[in-house]
Amino acid sequence: IQSLVLVPVFVGESFWGFLGFDECLYERTWLPAEIEAMQIAADTLGAAIQREQNEHQVRTAAARAKALVNTAARLSQVTEYHSVLDAICEETVRVLNVPSATISLFREEMQAFEFVAHAGLPEAFIEEATPVTKAEMEQFRSSDGTPAVLIDVQRLSPSPRTQLFARYNFRT
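Residues numbered from 1 in each chain as written. Predicted model: local features only at pLDDT ≥ 70, side-chain atom pairs only at ≥ 80, totals over all residues. Heavy atoms only, no water.

**So, the overall build of the chain**
Right, so step 1: Helix and strand counts for the chain stand at five helices and five strands.
Right, so step 2: Helices (α) and strands (β) of the chain occur, in sequence order from the N terminus, as β-β-α-α-β-β-α-β-α-α.
Right, so step 3: Within the chain, buried positions represent 26% of all 172 residues.
Right, so step 4: For the chain, the proportion of contacts with a sequence separation of at least 24, taken over those separated by at least 6, is 31%.
Right, so step 5: When the accessible surface of the chain is totalled, it reaches about 11800 Å², and 58% of it is carbon and sulfur. (Helix = DSSP H or I, 4+ residues; strand = E, 2+ residues; numbered from the N terminus. Buried < 20%, exposed > 50% of the residue type's maximum accessible area, 1.4 Å probe, protein only. Contact = heavy atoms within 4.5 Å. Areas by Shrake-Rupley, 256 points an atom, 1.4 Å probe, with all protein chains shown as cover.)

Next comes the structure, spelled out in structure tokens:
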């Protein structure tokens, strides 16, 4: 490469990359009109990428809205308590495209949480994992008391619970 021009590409306000223009045969000085045309090409590419991202967001929102309508229709047909909980877990897995979902309730008489519904988890895990004590649940809360979002359950402090997660290869 004898001469090179790199023109930045922005998608909205975010830097996305460069368009590179080169001359391999000889050294050259790029004319202002050429550089301006290159910038227009980079701006056009950035706008096209932004448009595709926006369209993707619209498609995703529409698909989720449709899924929620379908979920509401399904749940309105279910009347038995445990069937409703199972349907909620199944629909959560389907709509959010996650591997599993659980609903746990605190049982005063046990002073522990118990899985009352789940989808996408092996029965052996459910049997081993239940009940969950209040103390164990505290590690899933932030210091301000709100539920913690766990990026990787295997980064929790070592405990029998985290060993159980590791045995079933749970990552998030």
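Still more ground to cover, so stick around.
**Let's talk about the sheet that holds strand β3 (residues 101-107)**
Right, so step 1: Sheet architecture is open: three strands sit in the order β3-β4-β5, paired in antiparallel fashion. The sheet terminates laterally at β3 and β5 (132-133), the two strands that pair on one side only.
Right, so step 2: When β3 meets strand β4 (residues 112-119), the two strands line up antiparallel, connected through seven bridges. For L105, the partnering residue across the bridge sits in β4 and is E114.
Right, so step 3: Taken strand by strand, helix α2 (residues 81-96) contacts β3 and β4, and its axis lies near 65 degrees from that of β4. (Pairing = 2+ DSSP bridges. Axes fitted to C-alpha atoms, helices over the stretch in contact; angles between N-to-C directions.)

**Observations concerning the confidence of the model for the chain**
In low-pLDDT segments, the atomic positions of the prediction should not be examined closely.
Right, so step 1: Summarising the model, the chain shows a mean pLDDT of 83, and 87% of its residues fall at 70 or more.
Right, so step 2: Taken element by element, the predicted model of the chain shows its lowest mean pLDDT in helix α4 (residues 134-138) (72) and its highest in strand β1 (residues 3-11) (93). (pLDDT = per-residue confidence, 0-100.)

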